[in-house]
Amino acid sequence: MSAVATPKMYIPRDTTALSLGADKVAEAISHYAEDNTLPLHITRNGSRGLYWLEPMIEVATEQGRVAYGPVTVDDVESLMDGGCWSGNSDHPLYLGLTEEIEYLKNQQRLTFSRVGVIDPLSLDEYCANGGFDGLHNALGLSAQAIVTTVADSGLRGRGGAAFPAGIKWQTVLNTQAEQKYIVCNADEGDSGTYADRMLMESDPFTLIEGMTIAGLAVGANKGYIYLREEYRLADEVLQQALAIAEANQYLGDNIRGSGKSFHLEVRLGAGAYICGEETALLESLEGKRGMVRAKPPLPAITGLFGKPTVINNVISLATVPIILARGAEHYKTIGVGRSLGTLPFQLAGNIQRPGLVELAFGPGLSTLLNDFGGGTRSGRPIKAVQVGGPLGAYLPESQWQTPLDYEAFAGINAVLGHGGVVVFDESVDMGEQARFSMEFCAIESCGKCTPCRIGSTRGVEVIDKIRNGDEKENNIELLTDLCDTMINGSLCAMGGMTPFPVMSALQHFPNDFTVQEEV
Ligand SMILES: Cc1cc2nc3c(=O)[nH]c(=O)nc-3n(C[C@H](O)[C@H](O)[C@H](O)COP(=O)(O)O)c2cc1C
Ligand code: SF4
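The model shown is predicted, which means the values in this text are computed figures rather than measured ones.

Student: Is there a simple way to explain the pattern of salt bridges in this structure?
Tutor: Pairs can form between side chains of opposite charge whenever their charged atoms are close. Applying the stated rule across the entire model yields 29 salt bridges. Lysine 105 is paired through a salt bridge with glutamate 100; the nearest N and O atoms lie 3.1 Å apart. Residue lysine 288 is joined to glutamate 286 by a salt bridge in which the shortest nitrogen-to-oxygen separation is 2.7 Å. Overall, lysine 288 belongs to the partly exposed group, its relative accessible area being 45%.

Student: In this structure, what is going on with the packing of aromatic side chains? I would like to understand it.
Tutor: To describe a pair of aromatic rings, you give the distance between the ring centres and the angle between the ring planes. This structure, assessed with the given rule, holds 14 aromatic pairs. Centre to centre, the rings of tyrosine 103 and phenylalanine 372 are 5.6 Å apart; their planes meet at 80 degrees, and the pair counts as edge-to-face. Of this pair, tyrosine 103 sits in helix H4 (residues 102-105) while phenylalanine 372 sits in helix H15 (residues 365-372), and the two are 269 residues apart along the sequence. For phenylalanine 372, a relative accessible area of 5% puts it in the buried group. An angle of 80 degrees between the planes, with centres 5.7 Å apart, marks the rings of tyrosine 394 and phenylalanine 424 as edge-to-face. Linking tyrosine 394 in strand E15 (residues 394-395) with phenylalanine 424 in strand E16 (residues 420-425), this pair joins segments that are 30 residues apart in sequence. For tyrosine 394, a relative accessible area of 1% puts it in the buried group. The exposure class of phenylalanine 424 is buried, given its relative accessible area of 12%. Put simply, the rings of Tyr126, Phe132, Phe205 and Tyr250 touch in pairs and so form one group of aromatic residues.

Student: What should I look at first to understand a negative patch on the surface in this one?
Tutor: A contiguous patch of negative charge on the surface is contributed by Glu473, Glu477, Asp481 and Asp484. Here aspartate 481 lies in helix H19 (residues 472-489). We classify aspartate 481 as partly exposed; its relative accessible area is 48%.

Student: Is there a simple way to think about the site of ligand 1 in this case?
Tutor: Near ligand 1, the surroundings consist of 20 residues, among which Gly159, Asn185, Asn312, Asn313 and Ser316 are the closest. Lysine 168 is positioned such that a nitrogen or oxygen atom in its side chain is 3.1 Å from an oxygen atom of ligand 1. In the environment of ligand 1, an oxygen atom lies 2.8 Å from a nitrogen or oxygen atom belonging to the side chain of asparagine 312. Contact with the protein chains removes 92% of the 610 Å² of surface that ligand 1 exposes when unbound. At the level of elements, strand E9 (309-313) and helix H20 (493-497) are the ones that each hand at least two residues to the shell around ligand 1. No other element matches E9, which puts three residues into the shell around ligand 1. Across the shell around ligand 1, the residue classes break down as five nonpolar, nine polar and six charged.

Student: What is the right way to look at the domain arrangement of the protein chain in this model?
Tutor: Put simply, an interface is often sized by how much accessible area is lost when its parts join up. By the assigned domains, the protein chain splits into domain 1 (8-106), domain 2 (123-333), domain 3 (335-425) and domain 4 (430-512). Its C-alpha centre places domain 1 at a distance of 33 Å from the equivalent point of domain 2. Here domain 1 and domain 2 share an interface that buries about 700 Å² over both sides, 48% of which is from carbon and sulfur atoms. Sorting the residues of domain 1 by area buried against domain 2 places Arg13, Thr15 and Tyr51 first, and these three jointly supply 54% of that buried surface. Taken together, the connections running from domain 1 to domain 2 amount to two salt bridges.

Student: Any chance you could explain the site of ligand 2 here in plain terms?
Tutor: Around ligand 2, a shell composed of 13 residues is seen, among which Cys446, Lys448, Cys449, Cys452 and Cys492 lie nearest. When the residues that make up the shell around ligand 2 are grouped by side-chain class, the tally is eight nonpolar, four polar and one charged.

Student: Help me understand the sheet that holds E15 in this model?
Tutor: The strands making up a sheet associate through hydrogen bonds between their backbones, and the pairing can be parallel or antiparallel. The strand order E13-E12-E16-E14-E15 describes an open sheet built from five strands, whose pairing is mixed. The open sheet has two edge strands with one neighbour each: strand E13 (355-360) and E15. Direction of pairing for strand E14 (residues 382-387) relative to E16: antiparallel, over a ladder of five bridges. Residue pairing across strands places alanine 384 opposite phenylalanine 424, the latter belonging to E16.

Student: Teacher, can you tell me more about helix H11 (residues 232-247) here?
Tutor: Spacing of three or four residues puts side chains on the same side of an α-helix, whose turn is 3.6 residues. The end-to-end C-alpha distance of H11 is 23 Å, a good match for the 22 Å that 16 residues give at a rise of 1.5 Å each. Of the residues making up H11, those classed as buried are Leu233, Ala234, Asp235, Val237, Leu238, Ala241, Leu242 and Ala245. Elements in contact with the buried residues of H11: helix H1 (15-19), helix H9 (195-202), helix H10 (204-218), strand E7 (222-227) and strand E8 (263-268).

Student: Which parts of the structure should I look at to understand the pairing of E13?
Tutor: Within a regular strand, side chains alternate between the sheet's two faces. Along E13, six of the six residues are buried, which leaves the element largely enclosed by surrounding structure. In E13, alternate side chains face the same way, and those of Gly355, Val357 and Leu359 on one face and Leu356, Glu358 and Ala360 on the other are all buried. In this structure, strand E12 (residues 342-349) lies alongside E13, joined through six bridges in antiparallel fashion. Note that in E13 the partner of leucine 343 across the bridge is leucine 359. The antiparallel pairing of E12 with E13 creates a hairpin that spans five residues between the two strands.

Student: What am I meant to see in the sheet that holds strand E4 (residues 64-68) here?
Tutor: The sheet built from five strands is open, its strands ordered E2-E1-E3-E4-E5 with mixed pairing. Looking at the sheet topology across the chains shown, the edges are occupied by strand E2 (41-43) and strand E5 (94-97). The mean inter-strand angle of the sheet, taken between neighbouring strand axes irrespective of direction, is 25 degrees. Here strand E1 (residues 8-10) runs beside strand E3 (residues 57-61); their pairing, made up of two bridges, is antiparallel. By the bridge assignment, methionine 9 is partnered in E3 with valine 59.

Student: What's the story with the packing of H10 against H11 in this structure? I'm lost.
Tutor: Two measures define how a pair of helices packs: the angle their axes make with one another and the distance between the axes. Where H10 contacts H11, the two axes come as close as 9 Å, and the packing angle between them is 60 degrees. In this view, H10 runs oblique relative to H11, as classed from their interaxial angle. In this structure, H10 crosses over H11, and the sense of that crossing is right-handed. Residues Pro204, Phe205, Leu207 and Ile208 of H10 touch H11, and the partners they reach there are Val237, Leu238, Ala241, Leu242, Ile244 and Ala245. Counted by class, the contact of H10 with H11 contains ten nonpolar, no polar and no charged residues.

Reading the values: rules and limits
One numbering rule holds for all chains: residues counted from 1, following each sequence as written. Naming scheme: in the order in which they are written, chains are lettered from A and ligands are numbered from 1. Local features in a predicted model are, by the rule used here, given only for residues with pLDDT of at least 70; side-chain atom pairs are given and counted only at 80 or more, and totals for whole chains, interfaces and linings are based on all residues. Each side-chain value is worked out from all heavy atoms of the structure, with water and hydrogens disregarded. Here a salt bridge means any side-chain nitrogen of Lys or Arg lying within 4 Å of a carboxyl oxygen belonging to Asp or Glu. Exposure categories follow from relative accessible area, calculated using a 1.4 Å probe and restricted to protein chains: below 20% of the type maximum is buried, above 50% is exposed, and the middle band is partly exposed. In summary, the pairing rule links any two rings of Phe, Tyr or Trp, Trp by its six-membered ring, whose centres are within 6.5 Å, and it sorts them by plane angle into stacked for under 30 degrees, edge-to-face for over 60 and tilted for everything else. Working definition: helices are DSSP H or I runs of at least four residues, strands are E runs of at least two. Numbering for both runs from the N terminus. The patches described consist of residues with a relative accessible area above 30% and no salt bridge, like charges being joined within 9 Å and nonpolar side chains (Val, Leu, Ile, Met, Phe, Trp, Tyr) within 5 Å. Using a 1.4 Å probe, accessible areas were evaluated by the Shrake-Rupley method; residue-level cover was limited to the displayed protein chains. Here Asp and Glu are counted as negative and Lys and Arg as positive; His is not counted, and neither are the chain ends. Note on charges: their place is set at NZ of Lys, CZ of Arg, CG of Asp or CD of Glu. The near set for a molecule or strand comprises every residue that places at least one heavy atom within 4 Å of it. Polar contact criterion, stated in full: a pair of N or O atoms within 3.5 Å, where within protein one must be able to donate a hydrogen and the other to accept it, and residues adjacent in sequence count only if both atoms are side-chain atoms. Charged residues are taken to be Asp, Glu, Lys and Arg, nonpolar residues to be Ala, Val, Leu, Ile, Met, Phe, Trp, Tyr, Cys and Pro, and polar residues to be all remaining types, Gly included. An automatic or database domain assignment is the source of the domain bounds shown. Summed over both partners, the accessible area (1.4 Å probe) lost when two parts come together is defined as the buried area. Strand pairing requires that DSSP identify at least two bridges connecting the strands. Every helix has an expected span of 1.5 Å times one less than the residues it contains. Between two residues, a contact is recorded if the distance between any of their heavy atoms is within 4.5 Å. Only the stretch in contact is used when a helix axis is fitted, and all axes are lines through C-alpha atoms; the angle between N-to-C directions ranges over 0 to 180 degrees. Each angle is binned into one of four classes, with values under 35 degrees roughly parallel, values over 145 roughly antiparallel, values of 65 to 115 roughly perpendicular, and all other values oblique. The handedness criterion is simple: a crossing whose near helix is rotated anticlockwise from the far helix by less than a right angle is left-handed, and one whose near helix is rotated clockwise is right-handed.

Now the structure itself:
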């Protein structure tokens, strides 16, 4: 392959790539270029989400971007000596054209179309790749027309509950108030999930654009991003992106000369899982302890500081620009049934090829596990898969053909949630996992209602009794009753869904609830 005029290289700067040494690789490459007076333009892009290949560097060639990975500092000399900047295919780390890597090629990247492609803080690159097209269209529409577009697209919340975004927005639009708010839920507490983080670190203007459109849609001129406090890099990138957007009139007063205004701030959480629940989040944002509020009133009517509030997940809001850019009709052609568009699945746990896979709803779970994930990292058979975070059911092999759509998953008492997929191999004790789920609830419960606060603590004790063979049948009956009470009597999904992982483990892996023989 021949090189383009100015050698251009991309080295990711997302948290995962950094944790695997991307900064050191970038440093070594810069030194090599300096020492050899090689003119090299390095862009620190986000990650493509092929995490098992990180740090994955790319070079621009006339045929497109060529990738190498996973690159360590020790590989830099041989890569550079071999002229990797021109797309040399002889190096053992050569992966070919990035877009042709099966893992990426077989995805439908919509919300993540720019992630890993552009410099996250380059407004020019953002705009050159379709950025702000949605906002531009929204500025020419009435508030009602924007809400109708989102409603017609069929977009449902990507944070967990899959509630239709259009209905929520319509409620806020219809509620009269002098002040309304847009709140972005960036608490991302689910096990094995990182889609929000990736999006914010790698394409922050998309979230800013989505929230601004939401503000125009419902008549809110103020927004907050409630960010998980561990996401320090996302915070740094967002702060810079907010300043750039404001300096270029994409945010603040008189957006692009429209006379409309929208102001946005980032607020850090303090590490409680329950603060991802929308009403506990609002309490926390108001400076109070993260306790769940009873509903009604809905946040859409009485939300932040008692005002009508749209609260949506990062991915829900970051999907809005493409809907406004391409239209509801286009978006709703993707997916199946009432699960329209795409979901960024996040493969994690014991998996050969962890990473982000954005797919239209519809294929079976096994496609993710095998075609993308390549089975377990340990090489042992997969035993169970937990989809949708710590409140999602443990799914046995008999359920891996279930289509990835909200209704099909509800049909097997499971959830897609935020798209986290955590894989367990056959060495895992599912009785221990059930206990962990109950204990997680006991630790993370906000304590407001009895079924969850007391039920989860008693639940751990009952599971221990079952696993010790202490009146096993009676205690299984007791656990079933307790779970029933938690499902039907809890104020929020924390207590209301913990029974799903617990009971699915008991139902599908009963042998893991027997007394362990001493070897
Ligand atoms: C215990 C608990 C934790 C939650 N954690 C999150 C979270 O980390 N991020 C998120 O977006 N939604 C989370 N949710 C869902 C939110 O309550 C809410 O449904 C969501 O913010 C609405 O946005 P969406 O409609 O765009 O999904 C959680 C819910 C519960 C019950
Ligand atoms: S279910 Fe648990 S977390 Fe939710 S309100 Fe009740 S005590 Fe709080």
